[in-house]
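Descriptive structure summary
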Amino acid sequence: MLHTSYIEISKSAYRQNLKFIRSQLGDQVMISSVVKGNAYGHGIENIVYLAESNGIRHFSTFSADEAKRVYEASQRNSQIMIMGMVSDDVLPWVIEKGIGFYVFEFERLYQAVRIARKQGKEARIHVEVETGFHRTGFEWQERDALLRVLKENEAYLDFRGLCTHYAGAESVANYVRVKDQIKKYAEYKAWFLSHGIRFKTYHTACSAASLSYPETIMDMVRIGIAQYGFWPSQETYMFKFKHLADNMKNPLKRLISWKSQIMSVKKVKMGDFIGYGNSYMASRDMIIALVPVGYCHGFSRNLSNLGKVLIHGKILSVVGTVTMNAISVDITDLDNPQKGDEVVIIGRQKRNEITVASFGESTQQVNYELLTRLPQDIPRRFRS
Ligand SMILES: *Cc1c(COP(=O)(O)O)cnc(C)c1O
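In this report, we go over the structure that sits alongside the text. Source: prediction; values computed, not measured.

What follows concerns the pattern of salt bridges. Counted under the stated rule, the structure contains 15 salt bridges. Of the charged contacts, one joins Arg254 and Glu353 as a salt bridge, the two residues approaching to 2.3 Å between their closest N and O atoms. You can see Arg254 sitting in the loop between helix H10 (234-241) and strand E10 (256-261) and its partner Glu353 sitting in strand E17 (residues 352-354), a full 99 residues away along the chain. Residues Arg284 and Asp333 are paired through a salt bridge, measuring 3.4 Å at the closest nitrogen-oxygen approach. Here the residue Arg284 occupies a position in the loop between strand E11 (264-268) and strand E12 (286-291), and Asp333 occupies one in the loop between strand E15 (327-330) and strand E16 (342-349), the gap between them amounting to 49 residues. What makes Arg284 partly exposed here is its relative accessible area of 32%. Classification of Asp333 as exposed rests on a relative accessible area of 54%. Linked through salt bridges whose partners overlap, the residues forming this network are Glu8, Lys259, Glu342 and Arg383.

What follows is the structure, encoded as structure tokens:
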């Protein structure tokens, strides 16, 4: 093993997650697989491959660099949509390749028209409207001006989508705000239609909205976290739980497992300090395994004297501080531990499991953050 750890991605879990998501959406709804943040840490290329093998033909990214990776990885000529950053200098490439992108300000709209005209090609735009998220999107007062620009340049614009994003559909605390957004979006849609502009797709829902607000499911949904096997929040799960069949209470499966191995084994005497400083003193004669995963690999320093890993199927404690490249694990109670034995950092081993959530709880990170912080250079490999 060249690297100190690797990440496994389960194909069957992905298949199962999609099956569940599709069951919630019905047959008519297109799923856009959201692969921003290196596909939530899974690796864009891996998820493009997996998703396409499971019939997905649409991907959403935040930025142009991610879109380029999808473009290069795609074997099925899938559609790509950039929801965030495209700088002016790469917009020509984006338009030339037929990649869709959000337009949320006149500046970008003018640029798109200018480049599309020059290329003799339509720019595939998704018009983002402000409904209450207050980050990006055209304002209601701008609609007349927007309509005018869209109509005047119809020849160079492909009205791919009308979209918005909800400000926290994963928590009932935002219920009123989300409901207002749903209403506001409907007003934009109706207004454009009444003025002769029909968009090819209407899309607003992320995972949480799709699961908790069925009325947000339109032609297309943008599914991120759920395809990776996580509920957007505990609340979303609780909301759905009572509607799940008894044999399907846990329909979303984590794709990811993170594994390493014991690098070396060492005996430590009672009273010895382990690692840097004096944060851990051996309270008995101990056996310690060094595991070559540290904060440079995304194993947070906050897990010093707190983290858990699995070896021989047992839950074992990190002792001492997490260093840049390694942790020490108390393996005193294991039967004949050996260099090279598998260490599970996230995932299952025999009857025990360390979930991303439990891993995250002790570091105050949400699933989204923990996943996307897994360094890109840890190798990812598939498992059936
Ligand atoms: C990230 C993102 C999504 C997907 O969100 P999930 O909660 O992961 O499903 C959808 N739409 C937009 C605009 C996003 O930025």
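There's more to say after this.
Okay, unusual backbone geometry next. In this structure, Asn38 takes a positive phi of about 50° despite not being glycine. Along the polypeptide, Asn38 turns up in helix H2 (residues 36-40). Non-glycine residue Asn77 carries a positive phi angle of around 60°. Structurally, Asn77 can be placed in the loop between helix H4 (64-73) and strand E4 (79-85).

So, about the pairing of strand E5 (residues 100-103). On E5, burial covers both faces: Gly100 and Tyr102 on one face and Phe101 and Val103 on the other are all buried. The pairing of E4 with E5 spans 2 bridges and is classified as parallel. When the sheet's bridge partners are listed, Ile82 is paired in E5 with Phe101. Where the polypeptide runs from E4 across helix H5 (residues 91-96) and back to E5, its parallel neighbour, the crossover connection is right-handed. In this sheet, strand E6 (residues 123-128) lies alongside E5 in parallel orientation, the contact comprising 3 bridges. Residue Phe101 lies in a different strand from E6, and its bridge partner there is Ile125.

Moving on: the side chain of Ser32. Structurally, the position occupied by Ser32 is in strand E2 (residues 30-34). At a separation of 2.6 Å, a polar atom in the side chain of Ser32 contacts the side chain of Ser60. Contacts of Ser32, omitting those with residues within four sequence positions, involve His58, Phe59, Ser60, Met220, Val221, Arg222 and Ile223.

For any two helices packed against each other, the geometry is given by the interaxial angle and the distance between the axes. Direction vectors running N to C along helix H3 (residues 44-53) and H4 enclose 45°, while the axes themselves pass 9 Å from each other. The angle between the axes of H3 and H4 places the two elements in the oblique class. H4 is crossed by H3, and the crossing has right-handed handedness. For the pair H3 and H4, the contacting residues are Ile44, Glu45 and Val48 in the first and Glu66, Arg69, Val70 and Ala73 in the second. For the contact of H3 with H4, a count of residues per class yields 4 nonpolar, no polar and 3 charged.

Cut-offs used in this document
- Residues numbered from 1 in each chain as written.
- Predicted model: local features only at pLDDT ≥ 70, side-chain atom pairs only at ≥ 80, totals over all residues.
- Heavy atoms only, no water.
- Salt bridge = Lys/Arg side-chain N within 4 Å of Asp/Glu carboxyl O.
- Helix = DSSP H or I, 4+ residues; strand = E, 2+ residues; numbered from the N terminus.
- Buried < 20%, exposed > 50% of the residue type's maximum accessible area, 1.4 Å probe, protein only.
- Pairing = 2+ DSSP bridges.
- Right-handed = clockwise from strand over helix to strand, strands pointing away.
- Polar contact = N/O pair within 3.5 Å; in protein donor to acceptor, adjacent residues only side chain to side chain.
- Contact = heavy atoms within 4.5 Å.
- Axes fitted to C-alpha atoms, helices over the stretch in contact; angles between N-to-C directions.
- Parallel < 35°, antiparallel > 145°, perpendicular 65-115°, else oblique.
- Left-handed = near helix turned anticlockwise from the far one by under 90°.
- Nonpolar A, V, L, I, M, F, W, Y, C, P; charged D, E, K, R; others polar.

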